[in-house]
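These are the residues of each chain, in order.
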Amino acid sequence: MKTRQVVSMIAMTAAISTTSTAWASEITLLSADGAIDLVGELLDFSDNTYAIRTVLGDLSISASRVSCDGAACPVIAAPDADVVIAGSDTLGQSLMPLLLSGYAATRDAEDRQTMVGGSQQVFAEMIGDQGFGDPIGSYLISSSSSGDAFTSLADQSAQIGMASRRILPDEARMLRDTGAGNMIDPAQEHIIAIDSLIVITHPNNPVDTLTTNQLRQIYAGTITNWADVGGLNAPIQLIDRAEGAGARVVFENRLFGPNIPAVPASAVIATDNDEMAAIVNSNENAIGFTGFAFQRGAKPITLINDCGLIMTPDAFSVRTDEYALQQFLYLYNRGDLSDDTAVDFVNYAVSAEADDVIAKAGLIDLGVDRRAQAADGDRAQMLLKADVDDYVSGIMQDMLGEMNAYDRLSTTFRFRTGSSTLDPRGRLNLERLTDYLEAQPTGTRLLFVGFTDDVGAFDSNLRLSNNRAQQVMEELRTFAGDRLAAVEMNATGYGEIAPSACNTDENGRGINRRVEVWIQLATG
(Lines give C-alpha, C1' and ligand atoms only; values in the text may rest on other atoms or scores of the structure.)
Protein backbone atom coordinates (compact mmCIF):
# COMPACT_ATOMS: atom_id res chain seq x y z
CA MET A 1 0.00 0.00 0.00
CA LYS A 2 1.21 3.49 -0.78
CA THR A 3 2.62 5.32 2.23
CA ARG A 4 0.62 8.40 3.03
CA GLN A 5 2.78 11.39 3.72
CA VAL A 6 2.21 14.90 4.99
CA VAL A 7 4.77 17.38 3.68
CA SER A 8 5.57 20.99 4.47
CA MET A 9 2.83 22.40 2.25
CA ILE A 10 0.18 21.00 4.63
CA ALA A 11 -0.72 23.23 7.57
CA MET A 12 -2.22 21.50 10.61
CA THR A 13 -5.00 23.60 12.09
CA ALA A 14 -6.45 21.39 14.86
CA ALA A 15 -5.54 18.72 17.36
CA ILE A 16 -4.98 15.17 16.11
CA SER A 17 -8.09 13.04 16.08
CA THR A 18 -7.99 9.36 16.92
CA THR A 19 -11.17 8.36 15.09
CA SER A 20 -11.27 6.53 11.78
CA THR A 21 -14.93 7.12 10.91
CA ALA A 22 -15.92 6.99 7.22
CA TRP A 23 -17.71 10.24 6.39
CA ALA A 24 -20.50 10.74 3.85
CA SER A 25 -18.52 13.66 2.41
CA GLU A 26 -15.27 11.71 2.21
CA ILE A 27 -12.73 12.76 -0.40
CA THR A 28 -9.22 11.69 -1.37
CA LEU A 29 -6.57 14.29 -2.17
CA LEU A 30 -3.79 13.12 -4.46
CA SER A 31 -0.63 14.91 -5.50
CA ALA A 32 0.66 14.54 -9.07
CA ASP A 33 3.94 12.98 -7.91
CA GLY A 34 2.25 10.46 -5.61
CA ALA A 35 3.88 11.87 -2.46
CA ILE A 36 0.51 12.74 -0.88
CA ASP A 37 -2.57 10.51 -0.57
CA LEU A 38 -4.93 11.83 2.10
CA VAL A 39 -8.45 10.66 2.89
CA GLY A 40 -10.79 12.79 4.95
CA GLU A 41 -14.10 14.62 5.34
CA LEU A 42 -14.41 17.77 3.25
CA LEU A 43 -15.15 20.62 5.66
CA ASP A 44 -14.84 23.56 3.29
CA PHE A 45 -13.44 24.70 -0.03
CA SER A 46 -12.67 28.40 -0.35
CA ASP A 47 -9.83 30.61 -1.51
CA ASN A 48 -8.62 27.68 -3.63
CA THR A 49 -7.92 25.65 -0.47
CA TYR A 50 -9.35 22.36 0.80
CA ALA A 51 -10.15 22.04 4.51
CA ILE A 52 -10.49 18.36 5.44
CA ARG A 53 -10.83 16.36 8.65
CA THR A 54 -8.56 13.32 8.77
CA VAL A 55 -7.31 10.85 11.36
CA LEU A 56 -4.35 13.24 11.70
CA GLY A 57 -6.59 16.19 12.48
CA ASP A 58 -8.02 19.08 10.47
CA LEU A 59 -5.78 20.02 7.57
CA SER A 60 -5.69 22.82 5.00
CA ILE A 61 -4.23 22.02 1.59
CA SER A 62 -3.86 24.26 -1.44
CA ALA A 63 -5.78 23.03 -4.49
CA SER A 64 -2.76 23.95 -6.59
CA ARG A 65 -0.90 20.93 -5.19
CA VAL A 66 -3.48 18.15 -5.28
CA SER A 67 -6.37 16.67 -7.23
CA CYS A 68 -9.60 15.64 -5.56
CA ASP A 69 -11.29 12.27 -5.95
CA GLY A 70 -14.75 11.48 -4.55
CA ALA A 71 -18.41 12.37 -4.95
CA ALA A 72 -18.07 15.26 -2.50
CA CYS A 73 -15.29 16.97 -4.44
CA PRO A 74 -16.11 20.55 -5.42
CA VAL A 75 -16.35 21.26 -9.13
CA ILE A 76 -13.68 23.77 -10.03
CA ALA A 77 -14.41 25.34 -13.38
CA ALA A 78 -11.47 25.85 -15.71
CA PRO A 79 -10.87 29.58 -16.20
CA ASP A 80 -10.11 31.05 -19.59
CA ALA A 81 -6.46 30.64 -20.51
CA ASP A 82 -4.16 32.34 -23.02
CA VAL A 83 -2.90 28.95 -24.22
CA VAL A 84 -4.77 25.65 -24.19
CA ILE A 85 -2.70 22.45 -24.40
CA ALA A 86 -4.82 19.35 -25.05
CA GLY A 87 -4.31 15.64 -25.70
CA SER A 88 -2.42 12.67 -24.27
CA ASP A 89 -2.59 12.09 -20.52
CA THR A 90 0.88 10.51 -20.74
CA LEU A 91 2.20 14.03 -21.26
CA GLY A 92 -0.54 16.06 -19.64
CA GLN A 93 -0.56 14.53 -16.17
CA SER A 94 3.18 14.42 -15.50
CA LEU A 95 5.48 16.06 -18.03
CA MET A 96 3.56 19.20 -19.03
CA PRO A 97 3.08 20.65 -15.51
CA LEU A 98 6.82 20.21 -14.92
CA LEU A 99 7.64 21.80 -18.28
CA LEU A 100 5.48 24.80 -17.42
CA SER A 101 7.34 25.19 -14.13
CA GLY A 102 10.68 24.97 -15.94
CA TYR A 103 9.50 27.43 -18.56
CA ALA A 104 8.41 29.87 -15.87
CA ALA A 105 11.89 29.73 -14.34
CA THR A 106 13.47 30.73 -17.66
CA ARG A 107 11.22 33.80 -17.65
CA ASP A 108 12.05 34.69 -14.03
CA ALA A 109 8.41 33.98 -13.22
CA GLU A 110 6.48 31.92 -10.70
CA ASP A 111 3.89 29.49 -12.00
CA ARG A 112 0.83 28.91 -9.87
CA GLN A 113 -0.85 25.65 -10.83
CA THR A 114 -4.33 24.53 -9.85
CA MET A 115 -5.98 21.22 -10.69
CA VAL A 116 -9.44 21.91 -12.06
CA GLY A 117 -12.21 19.62 -13.23
CA GLY A 118 -10.71 16.66 -11.34
CA SER A 119 -7.26 15.42 -12.23
CA GLN A 120 -7.71 15.87 -15.96
CA GLN A 121 -7.03 19.61 -16.15
CA VAL A 122 -4.37 21.88 -14.73
CA PHE A 123 -4.56 25.66 -14.88
CA ALA A 124 -1.24 27.49 -14.61
CA GLU A 125 -0.80 31.24 -14.26
CA MET A 126 2.65 32.78 -14.61
CA ILE A 127 3.44 35.80 -12.48
CA GLY A 128 6.46 37.87 -13.41
CA ASP A 129 9.33 38.95 -11.14
CA GLN A 130 9.33 35.60 -9.29
CA GLY A 131 5.69 36.01 -8.32
CA PHE A 132 5.89 39.66 -7.23
CA GLY A 133 5.04 41.19 -10.58
CA ASP A 134 2.13 41.12 -12.99
CA PRO A 135 0.57 38.07 -14.71
CA ILE A 136 2.43 37.33 -17.96
CA GLY A 137 0.49 34.35 -19.27
CA SER A 138 -1.93 31.56 -18.41
CA TYR A 139 -2.09 27.97 -19.61
CA LEU A 140 -4.67 25.19 -19.40
CA ILE A 141 -3.52 21.58 -19.73
CA SER A 142 -6.41 19.29 -20.66
CA SER A 143 -5.48 15.59 -20.45
CA SER A 144 -7.42 12.89 -22.27
CA SER A 145 -6.04 11.00 -25.29
CA SER A 146 -3.67 11.53 -28.21
CA GLY A 147 -6.61 11.55 -30.61
CA ASP A 148 -8.11 14.52 -28.78
CA ALA A 149 -4.96 16.50 -29.52
CA PHE A 150 -5.85 16.54 -33.20
CA THR A 151 -9.59 17.16 -32.87
CA SER A 152 -8.80 20.06 -30.53
CA LEU A 153 -6.36 21.52 -33.06
CA ALA A 154 -8.93 21.04 -35.82
CA ASP A 155 -11.69 22.98 -34.04
CA GLN A 156 -9.08 25.41 -32.68
CA SER A 157 -10.11 24.87 -29.07
CA ALA A 158 -6.40 24.29 -28.34
CA GLN A 159 -3.22 25.90 -29.63
CA ILE A 160 -0.94 22.95 -28.76
CA GLY A 161 -1.69 19.23 -29.04
CA MET A 162 0.03 16.53 -26.95
CA ALA A 163 0.45 13.03 -28.41
CA SER A 164 2.17 9.86 -27.21
CA ARG A 165 2.22 8.61 -30.81
CA ARG A 166 2.79 10.15 -34.20
CA ILE A 167 -0.16 11.72 -35.98
CA LEU A 168 -2.01 9.30 -38.28
CA PRO A 169 -2.36 10.07 -42.02
CA ASP A 170 -6.15 10.50 -41.74
CA GLU A 171 -5.69 12.94 -38.86
CA ALA A 172 -3.08 14.92 -40.79
CA ARG A 173 -5.37 15.12 -43.83
CA MET A 174 -8.31 16.17 -41.67
CA LEU A 175 -6.27 18.99 -40.14
CA ARG A 176 -4.89 20.03 -43.53
CA ASP A 177 -8.46 20.38 -44.77
CA THR A 178 -9.23 22.78 -41.90
CA GLY A 179 -6.36 25.04 -43.00
CA ALA A 180 -3.89 23.78 -40.38
CA GLY A 181 -1.13 23.14 -42.92
CA ASN A 182 1.28 20.21 -43.16
CA MET A 183 1.19 18.59 -39.73
CA ILE A 184 4.44 16.68 -40.25
CA ASP A 185 6.40 19.80 -41.15
CA PRO A 186 9.20 20.34 -38.58
CA ALA A 187 7.63 23.68 -37.70
CA GLN A 188 4.44 21.86 -36.61
CA GLU A 189 5.55 18.44 -35.40
CA HIS A 190 7.91 18.44 -32.42
CA ILE A 191 9.46 15.40 -30.70
CA ILE A 192 10.14 16.51 -27.13
CA ALA A 193 11.07 13.33 -25.25
CA ILE A 194 11.24 9.54 -25.33
CA ASP A 195 9.16 7.34 -23.06
CA SER A 196 11.17 4.16 -22.48
CA LEU A 197 10.36 1.04 -20.48
CA ILE A 198 12.80 -1.43 -18.99
CA VAL A 199 12.10 -5.01 -17.97
CA ILE A 200 13.20 -5.59 -14.38
CA THR A 201 13.81 -8.52 -12.04
CA HIS A 202 15.03 -8.92 -8.48
CA PRO A 203 18.79 -8.17 -8.13
CA ASN A 204 19.37 -11.77 -6.98
CA ASN A 205 17.75 -13.31 -10.04
CA PRO A 206 20.55 -14.96 -12.12
CA VAL A 207 18.78 -14.27 -15.42
CA ASP A 208 20.36 -11.23 -17.09
CA THR A 209 19.09 -11.62 -20.67
CA LEU A 210 15.82 -12.61 -22.32
CA THR A 211 14.85 -12.90 -25.95
CA THR A 212 11.81 -10.91 -26.97
CA ASN A 213 10.11 -14.21 -27.78
CA GLN A 214 10.76 -15.48 -24.24
CA LEU A 215 9.39 -12.22 -22.84
CA ARG A 216 6.25 -12.60 -24.97
CA GLN A 217 5.71 -16.11 -23.67
CA ILE A 218 6.22 -15.01 -20.07
CA TYR A 219 3.63 -12.25 -20.39
CA ALA A 220 1.26 -14.56 -22.29
CA GLY A 221 1.53 -17.10 -19.47
CA THR A 222 3.05 -19.91 -21.54
CA ILE A 223 6.44 -19.74 -19.79
CA THR A 224 5.82 -19.90 -16.05
CA ASN A 225 9.12 -21.12 -14.55
CA TRP A 226 12.49 -19.38 -14.49
CA ALA A 227 14.22 -22.66 -15.33
CA ASP A 228 12.70 -22.45 -18.83
CA VAL A 229 14.77 -19.30 -19.54
CA GLY A 230 18.02 -20.35 -17.87
CA GLY A 231 17.18 -19.44 -14.28
CA LEU A 232 16.42 -21.32 -11.09
CA ASN A 233 13.59 -23.83 -10.76
CA ALA A 234 11.07 -21.34 -9.40
CA PRO A 235 7.67 -20.05 -10.53
CA ILE A 236 7.69 -16.70 -12.35
CA GLN A 237 5.61 -14.06 -10.58
CA LEU A 238 4.30 -11.76 -13.28
CA ILE A 239 3.80 -8.09 -12.37
CA ASP A 240 1.68 -6.02 -14.76
CA ARG A 241 -0.05 -2.65 -14.87
CA ALA A 242 -3.78 -1.95 -14.99
CA GLU A 243 -5.56 -2.06 -18.33
CA GLY A 244 -5.31 1.32 -20.05
CA ALA A 245 -2.22 2.44 -18.13
CA GLY A 246 0.14 4.26 -20.51
CA ALA A 247 3.13 2.04 -19.63
CA ARG A 248 1.11 -1.12 -20.28
CA VAL A 249 -0.12 0.17 -23.64
CA VAL A 250 3.46 0.90 -24.79
CA PHE A 251 4.73 -2.44 -23.47
CA GLU A 252 2.02 -4.54 -25.12
CA ASN A 253 2.07 -2.70 -28.44
CA ARG A 254 5.84 -2.91 -28.78
CA LEU A 255 6.08 -6.52 -27.62
CA PHE A 256 2.98 -8.10 -29.19
CA GLY A 257 1.83 -5.72 -31.91
CA PRO A 258 -1.89 -6.17 -32.66
CA ASN A 259 -2.09 -9.70 -31.17
CA ILE A 260 -2.18 -8.86 -27.46
CA PRO A 261 -2.99 -11.87 -25.24
CA ALA A 262 -5.08 -11.85 -22.09
CA VAL A 263 -3.19 -11.12 -18.88
CA PRO A 264 -2.68 -14.33 -16.86
CA ALA A 265 -4.95 -14.56 -13.81
CA SER A 266 -1.91 -14.99 -11.53
CA ALA A 267 -0.47 -11.60 -12.46
CA VAL A 268 -0.14 -8.96 -9.74
CA ILE A 269 -1.23 -5.48 -10.85
CA ALA A 270 0.96 -2.54 -9.79
CA THR A 271 -0.62 0.89 -9.56
CA ASP A 272 2.38 2.89 -10.78
CA ASN A 273 6.10 2.76 -11.62
CA ASP A 274 7.25 3.04 -8.01
CA GLU A 275 4.99 0.24 -6.81
CA MET A 276 6.10 -1.93 -9.74
CA ALA A 277 9.75 -1.59 -8.70
CA ALA A 278 8.91 -2.09 -5.01
CA ILE A 279 7.07 -5.36 -5.71
CA VAL A 280 9.88 -6.69 -7.92
CA ASN A 281 12.50 -5.74 -5.35
CA SER A 282 10.60 -7.65 -2.65
CA ASN A 283 10.13 -10.89 -4.63
CA GLU A 284 13.10 -12.82 -6.05
CA ASN A 285 10.82 -14.57 -8.58
CA ALA A 286 9.10 -11.44 -9.90
CA ILE A 287 9.39 -9.79 -13.30
CA GLY A 288 7.91 -6.47 -14.33
CA PHE A 289 8.43 -3.37 -16.44
CA THR A 290 8.77 0.23 -15.42
CA GLY A 291 9.76 3.65 -16.69
CA PHE A 292 13.46 4.19 -17.36
CA ALA A 293 14.02 6.34 -14.27
CA PHE A 294 12.06 4.18 -11.81
CA GLN A 295 13.95 0.89 -11.43
CA ARG A 296 14.95 1.77 -7.83
CA GLY A 297 17.62 -0.90 -7.48
CA ALA A 298 15.88 -3.61 -9.49
CA LYS A 299 17.97 -5.34 -12.17
CA PRO A 300 17.35 -4.26 -15.78
CA ILE A 301 17.12 -7.11 -18.29
CA THR A 302 18.97 -6.96 -21.61
CA LEU A 303 16.74 -8.04 -24.50
CA ILE A 304 17.69 -9.96 -27.64
CA ASN A 305 15.37 -9.30 -30.55
CA ASP A 306 13.93 -11.84 -32.98
CA CYS A 307 16.97 -11.77 -35.26
CA GLY A 308 19.55 -12.08 -32.49
CA LEU A 309 20.52 -8.41 -32.02
CA ILE A 310 21.20 -7.27 -28.45
CA MET A 311 19.13 -4.35 -27.14
CA THR A 312 20.72 -2.76 -24.08
CA PRO A 313 18.28 -0.96 -21.74
CA ASP A 314 20.14 2.34 -21.43
CA ALA A 315 19.65 5.95 -22.48
CA PHE A 316 22.13 5.72 -25.36
CA SER A 317 20.25 2.87 -27.04
CA VAL A 318 16.95 4.68 -26.51
CA ARG A 319 18.27 7.90 -28.05
CA THR A 320 19.52 5.99 -31.12
CA ASP A 321 16.08 4.32 -31.46
CA GLU A 322 17.71 0.89 -31.19
CA TYR A 323 15.79 -0.25 -28.10
CA ALA A 324 12.34 -1.69 -28.76
CA LEU A 325 10.27 -0.73 -25.69
CA GLN A 326 9.94 2.98 -26.30
CA GLN A 327 7.86 5.66 -27.95
CA PHE A 328 8.39 9.28 -28.94
CA LEU A 329 6.30 11.98 -27.27
CA TYR A 330 5.12 14.84 -29.48
CA LEU A 331 3.77 18.35 -29.41
CA TYR A 332 1.83 19.57 -32.47
CA ASN A 333 0.58 22.96 -33.56
CA ARG A 334 -1.30 24.33 -36.55
CA GLY A 335 0.68 26.02 -39.28
CA ASP A 336 -1.35 29.19 -38.79
CA LEU A 337 -0.48 29.46 -35.09
CA SER A 338 0.24 33.12 -34.44
CA ASP A 339 0.16 33.20 -30.63
CA ASP A 340 3.67 34.20 -29.54
CA THR A 341 3.08 32.84 -26.03
CA ALA A 342 2.30 29.36 -27.39
CA VAL A 343 5.17 29.43 -29.89
CA ASP A 344 7.64 30.48 -27.19
CA PHE A 345 6.58 27.61 -24.93
CA VAL A 346 6.98 25.03 -27.73
CA ASN A 347 10.45 26.40 -28.47
CA TYR A 348 11.38 25.94 -24.83
CA ALA A 349 9.99 22.36 -24.73
CA VAL A 350 12.26 21.21 -27.59
CA SER A 351 15.35 23.04 -26.33
CA ALA A 352 18.22 21.76 -24.22
CA GLU A 353 16.93 23.99 -21.40
CA ALA A 354 14.08 21.50 -20.89
CA ASP A 355 16.31 18.40 -20.62
CA ASP A 356 16.58 18.42 -16.82
CA VAL A 357 12.81 18.74 -16.50
CA ILE A 358 12.26 15.85 -18.91
CA ALA A 359 14.62 13.68 -16.85
CA LYS A 360 12.78 14.65 -13.67
CA ALA A 361 9.58 13.33 -15.24
CA GLY A 362 11.25 9.95 -15.73
CA LEU A 363 11.65 10.36 -19.48
CA ILE A 364 14.69 10.51 -21.75
CA ASP A 365 15.65 13.79 -23.37
CA LEU A 366 17.01 14.22 -26.89
CA GLY A 367 20.46 15.38 -25.85
CA VAL A 368 23.71 14.10 -27.38
CA ASP A 369 25.41 11.19 -25.63
CA ARG A 370 28.85 9.67 -26.35
CA ARG A 371 29.97 6.04 -26.16
CA ALA A 372 33.21 4.24 -26.90
CA GLN A 373 33.04 1.52 -29.58
CA ALA A 374 34.84 -1.24 -27.72
CA ALA A 375 36.59 -4.05 -29.58
CA ASP A 376 34.81 -6.54 -27.34
CA GLY A 377 31.45 -4.79 -27.66
CA ASP A 378 28.31 -6.33 -29.12
CA ARG A 379 28.65 -4.69 -32.54
CA ALA A 380 32.32 -5.53 -32.98
CA GLN A 381 31.69 -9.14 -32.00
CA MET A 382 28.78 -9.37 -34.44
CA LEU A 383 31.05 -8.23 -37.28
CA LEU A 384 33.85 -10.58 -36.28
CA LYS A 385 31.58 -13.61 -36.11
CA ALA A 386 29.54 -12.92 -39.26
CA ASP A 387 29.42 -15.78 -41.78
CA VAL A 388 30.01 -13.85 -45.03
CA ASP A 389 32.12 -14.07 -48.19
CA ASP A 390 35.55 -12.48 -48.55
CA TYR A 391 34.23 -9.34 -50.25
CA VAL A 392 31.79 -8.50 -47.47
CA SER A 393 34.30 -9.58 -44.83
CA GLY A 394 36.80 -7.05 -46.17
CA ILE A 395 34.26 -4.24 -45.78
CA MET A 396 33.51 -5.40 -42.25
CA GLN A 397 37.23 -5.30 -41.44
CA ASP A 398 37.39 -1.72 -42.77
CA MET A 399 34.52 -0.77 -40.47
CA LEU A 400 36.17 -2.44 -37.46
CA GLY A 401 39.33 -0.46 -38.16
CA GLU A 402 37.43 2.84 -38.18
CA MET A 403 35.55 1.89 -35.00
CA ASN A 404 38.84 1.58 -33.13
CA ALA A 405 39.59 5.23 -33.82
CA TYR A 406 36.18 6.80 -33.07
CA ASP A 407 33.53 7.00 -30.37
CA ARG A 408 29.90 7.03 -31.43
CA LEU A 409 27.47 9.84 -30.65
CA SER A 410 23.83 9.06 -29.97
CA THR A 411 22.72 11.47 -32.71
CA THR A 412 21.41 9.31 -35.56
CA PHE A 413 19.79 10.46 -38.80
CA ARG A 414 17.21 8.26 -40.58
CA PHE A 415 15.61 8.13 -44.03
CA ARG A 416 12.55 6.76 -45.77
CA THR A 417 12.89 3.84 -48.21
CA GLY A 418 15.09 4.79 -51.17
CA SER A 419 14.79 8.43 -50.15
CA SER A 420 17.26 11.15 -49.31
CA THR A 421 14.67 12.92 -47.11
CA LEU A 422 15.47 12.97 -43.40
CA ASP A 423 12.83 11.86 -40.91
CA PRO A 424 11.02 14.41 -38.66
CA ARG A 425 13.79 14.29 -36.07
CA GLY A 426 16.40 15.41 -38.60
CA ARG A 427 16.27 19.15 -38.00
CA LEU A 428 16.24 18.75 -34.23
CA ASN A 429 19.28 16.48 -34.55
CA LEU A 430 21.08 19.16 -36.57
CA GLU A 431 20.36 21.74 -33.87
CA ARG A 432 21.40 19.54 -30.95
CA LEU A 433 24.50 18.23 -32.74
CA THR A 434 25.65 21.73 -33.64
CA ASP A 435 25.31 22.89 -30.04
CA TYR A 436 27.25 19.84 -28.82
CA LEU A 437 30.08 20.14 -31.34
CA GLU A 438 30.47 23.86 -30.84
CA ALA A 439 31.63 23.13 -27.30
CA GLN A 440 34.23 20.53 -28.39
CA PRO A 441 37.97 21.28 -28.65
CA THR A 442 39.46 22.72 -31.84
CA GLY A 443 40.54 19.93 -34.15
CA THR A 444 37.69 17.57 -33.30
CA ARG A 445 37.08 15.14 -36.17
CA LEU A 446 33.72 13.75 -37.25
CA LEU A 447 32.92 10.77 -39.42
CA PHE A 448 29.41 10.43 -40.81
CA VAL A 449 28.75 6.73 -41.34
CA GLY A 450 25.87 5.57 -43.52
CA PHE A 451 23.93 2.29 -43.38
CA THR A 452 20.94 0.83 -45.25
CA ASP A 453 18.38 -1.94 -44.89
CA ASP A 454 18.94 -5.17 -46.84
CA VAL A 455 16.48 -4.44 -49.65
CA GLY A 456 18.27 -4.25 -53.01
CA ALA A 457 21.71 -5.18 -54.31
CA PHE A 458 24.64 -5.07 -51.88
CA ASP A 459 26.79 -2.68 -53.93
CA SER A 460 23.84 -0.38 -54.60
CA ASN A 461 23.19 -0.18 -50.86
CA LEU A 462 26.87 0.52 -50.29
CA ARG A 463 26.73 3.53 -52.63
CA LEU A 464 23.42 4.69 -51.17
CA SER A 465 24.79 4.58 -47.63
CA ASN A 466 27.81 6.65 -48.64
CA ASN A 467 25.63 9.19 -50.47
CA ARG A 468 23.37 9.60 -47.46
CA ALA A 469 26.36 10.11 -45.17
CA GLN A 470 27.71 12.78 -47.53
CA GLN A 471 24.29 14.43 -47.59
CA VAL A 472 23.97 14.63 -43.80
CA MET A 473 27.50 16.02 -43.55
CA GLU A 474 26.67 18.78 -46.03
CA GLU A 475 23.37 19.54 -44.32
CA LEU A 476 25.18 19.98 -41.01
CA ARG A 477 27.76 22.26 -42.60
CA THR A 478 25.02 24.37 -44.16
CA PHE A 479 22.97 24.48 -40.97
CA ALA A 480 25.89 25.30 -38.65
CA GLY A 481 27.76 27.70 -40.91
CA ASP A 482 30.82 29.20 -39.25
CA ARG A 483 29.94 27.72 -35.86
CA LEU A 484 31.70 24.44 -36.74
CA ALA A 485 34.53 25.84 -38.84
CA ALA A 486 37.10 24.19 -36.54
CA VAL A 487 35.55 20.70 -36.86
CA GLU A 488 36.95 18.35 -39.51
CA MET A 489 34.26 16.26 -41.24
CA ASN A 490 34.37 13.19 -43.48
CA ALA A 491 31.81 10.64 -44.62
CA THR A 492 31.68 6.96 -45.55
CA GLY A 493 29.12 4.17 -45.88
CA TYR A 494 28.91 0.47 -45.08
CA GLY A 495 25.58 -0.47 -46.64
CA GLU A 496 23.65 -3.24 -44.93
CA ILE A 497 26.44 -4.93 -42.96
CA ALA A 498 25.68 -3.74 -39.41
CA PRO A 499 21.90 -3.74 -38.83
CA SER A 500 20.54 -2.21 -35.65
CA ALA A 501 17.17 -3.97 -35.99
CA CYS A 502 15.59 -6.85 -37.85
CA ASN A 503 15.00 -6.30 -41.57
CA THR A 504 11.82 -8.39 -41.42
CA ASP A 505 9.35 -5.48 -41.30
CA GLU A 506 9.21 -1.83 -42.27
CA ASN A 507 9.77 -0.61 -38.72
CA GLY A 508 13.05 -2.53 -38.47
CA ARG A 509 14.16 -1.54 -41.96
CA GLY A 510 13.46 2.10 -41.08
CA ILE A 511 15.76 1.84 -38.05
CA ASN A 512 18.51 0.39 -40.27
CA ARG A 513 18.33 3.23 -42.83
CA ARG A 514 20.52 5.59 -40.86
CA VAL A 515 23.58 7.81 -40.71
CA GLU A 516 25.55 7.59 -37.48
CA VAL A 517 27.91 10.28 -36.20
CA TRP A 518 31.32 9.15 -34.94
CA ILE A 519 33.73 11.49 -33.17
CA GLN A 520 37.49 11.54 -32.65
CA LEU A 521 39.69 14.18 -31.07
CA ALA A 522 42.72 15.41 -32.97
CA THR A 523 45.93 13.76 -31.81
CA GLY A 524 48.22 16.63 -32.69
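Residues numbered from 1 in each chain as written. Predicted model: local features only at pLDDT ≥ 70, side-chain atom pairs only at ≥ 80, totals over all residues. Heavy atoms only, no water.

Draft legend 1. Just helix α13 (residues 458–480), in detail. Over its 23 residues, α13 extends 33 Å from the first C-alpha to the last, a length consistent with the 33 Å expected when each residue adds 1.5 Å. Those residues of α13 that sit buried are Phe458, Asn461, Leu462, Ser465, Arg468, Ala469, Gln471, Val472, Met473, Leu476 and Ala480. For α13, the elements touching its buried residues are α11 (390–403), β22 (407–414), α12 (426–438), β23 (445–451), β24 (488–493) and β25 (514–520). Immediately beyond the C-terminal end of α13, within one or two residues, lies Gly481, with a positive phi of roughly 60°. (Helix = DSSP H or I, 4+ residues; strand = E, 2+ residues; numbered from the N terminus. Expected span 1.5 Å × (residues − 1). Buried < 20%, exposed > 50% of the residue type's maximum accessible area, 1.4 Å probe, protein only. Contact = heavy atoms within 4.5 Å.)

Draft legend 2. Looking closely at the side chain of Asn305. Within the element layout of this structure, Asn305 appears in the loop between β18 (302–304) and β19 (310–311). Residue class for Asn305 comes out buried when judged on its relative accessible area of 12%. A distance of 2.9 Å separates the side chain of Asn305 from the backbone nitrogen of Leu309, its partner in a polar contact. (Polar contact = N/O pair within 3.5 Å; in protein donor to acceptor, adjacent residues only side chain to side chain.)

Draft legend 3. Representation of the pairing of strand β9 (residues 121–127) within the structure. Within β9, five of the seven residues are buried, which leaves the element mostly enclosed by the surrounding structure. The sheet contact formed by strand β8 (residues 110–116) and β9 spans seven bridges and is antiparallel. Residue pairing across strands places Met115 opposite Val122, the latter belonging to β9. Across seven bridges, the pairing between β9 and strand β10 (residues 135–144) is antiparallel. Residue Ala124 lies in a different strand from β10, and its bridge partner there is Tyr139. (Pairing = 2+ DSSP bridges.)

Draft legend 4. Quick look at the nonpolar core. Core analysis: the largest hydrophobic core is formed by 56 residues, its most contacted members being Leu210, Leu215, Phe251, Ile287 and Leu303. The element best represented in this core is strand β12 (residues 189–201), accounting for six residues. Judged by nonpolar contacts, the second largest core, of 33 residues, contains Ala109, Met115, Val122 and Leu331. (Core = buried A, V, L, I, M, F, W, Y, C linked by side-chain atoms within 4.5 Å.)

Draft legend 5. Local environment of the sheet that holds strand β13 (residues 209–211). Across the sheet, which stays open at both edges, the three strands sit in the order β13-β18-β19 with mixed pairing between neighbours. In this open sheet, the two edge strands, each paired with only one partner strand, are β13 and β19. Here three bridges tie β13 to β18, and the two strands are oriented parallel to one another. Among the inter-strand pairings, Thr211 is bridged to a residue of β18, identified as Ile304. Sitting on the sheet, helix α4 (residues 212–220) touches β13, β18 and β19, and the angle it makes with β13 is about 85°. (Axes fitted to C-alpha atoms, helices over the stretch in contact; angles between N-to-C directions.)

Draft legend 6. Layout of helix α10 (residues 378–385). Within the sequence span of α10, burial applies to Arg379, Ala380 and Leu383. Axial view of α10: buried residues confined to an arc of 100°, hence all on one face. Against α11, β22 and β25 lie the buried residues of α10. (Arc of directions from axis to C-beta.)

Draft legend 7. The packing of α10 against α11, seen in detail. Viewed as axis vectors pointing N to C, α10 and α11 meet at an angle of 155°, and their least axial separation amounts to 10 Å. With respect to α11, the element α10 is oriented roughly antiparallel. When the axes of α10 and α11 are compared, the crossing they make is left-handed. Here Arg379, Ala380, Leu383 and Leu384 of α10 lie close against α11, whose contacting residues are Met396, Gln397, Met399, Leu400 and Met403. (Parallel < 35°, antiparallel > 145°, perpendicular 65-115°, else oblique. Left-handed = near helix turned anticlockwise from the far one by under 90°.)

Draft legend 8. Just the environment of Thr178, in detail. Within the secondary structure layout, Thr178 lies in the loop between α3 (169–177) and β12. Expressed as a C-alpha distance, the spacing of Thr178 and Arg370, which sit 192 residues apart in the sequence, is 43 Å.

Draft legend 9. Molecular detail of the packing of aromatic side chains. Scanning the model with the defined rule gives 13 aromatic pairs in all. A centroid spacing of 6.4 Å and a plane angle of 90° characterise the contact between Tyr103 and Tyr139, whose relative ring orientation is edge-to-face. Taken together, the residues Tyr103 in helix α1 (residues 89–106) and Tyr139 in strand β10 connect sequence positions 36 residues apart. Accessibility assignment for this pair places Tyr103 and Tyr139 in one class, buried. Relative to Phe289, the ring of Phe251 has its centre 4.0 Å away and its plane inclined at 5°; by these criteria the two rings are stacked. Residue Phe251 is located in helix α5 (residues 246–256), and its partner Phe289 is located in strand β16 (residues 286–291); the two are separated by 38 residues in the primary sequence. Assigned by exposure class, Phe251 and Phe289 land together as buried. (Phe/Tyr/Trp six-rings, centres within 6.5 Å; stacked < 30°, edge-to-face > 60°.)

This is a description of form; function is not addressed.
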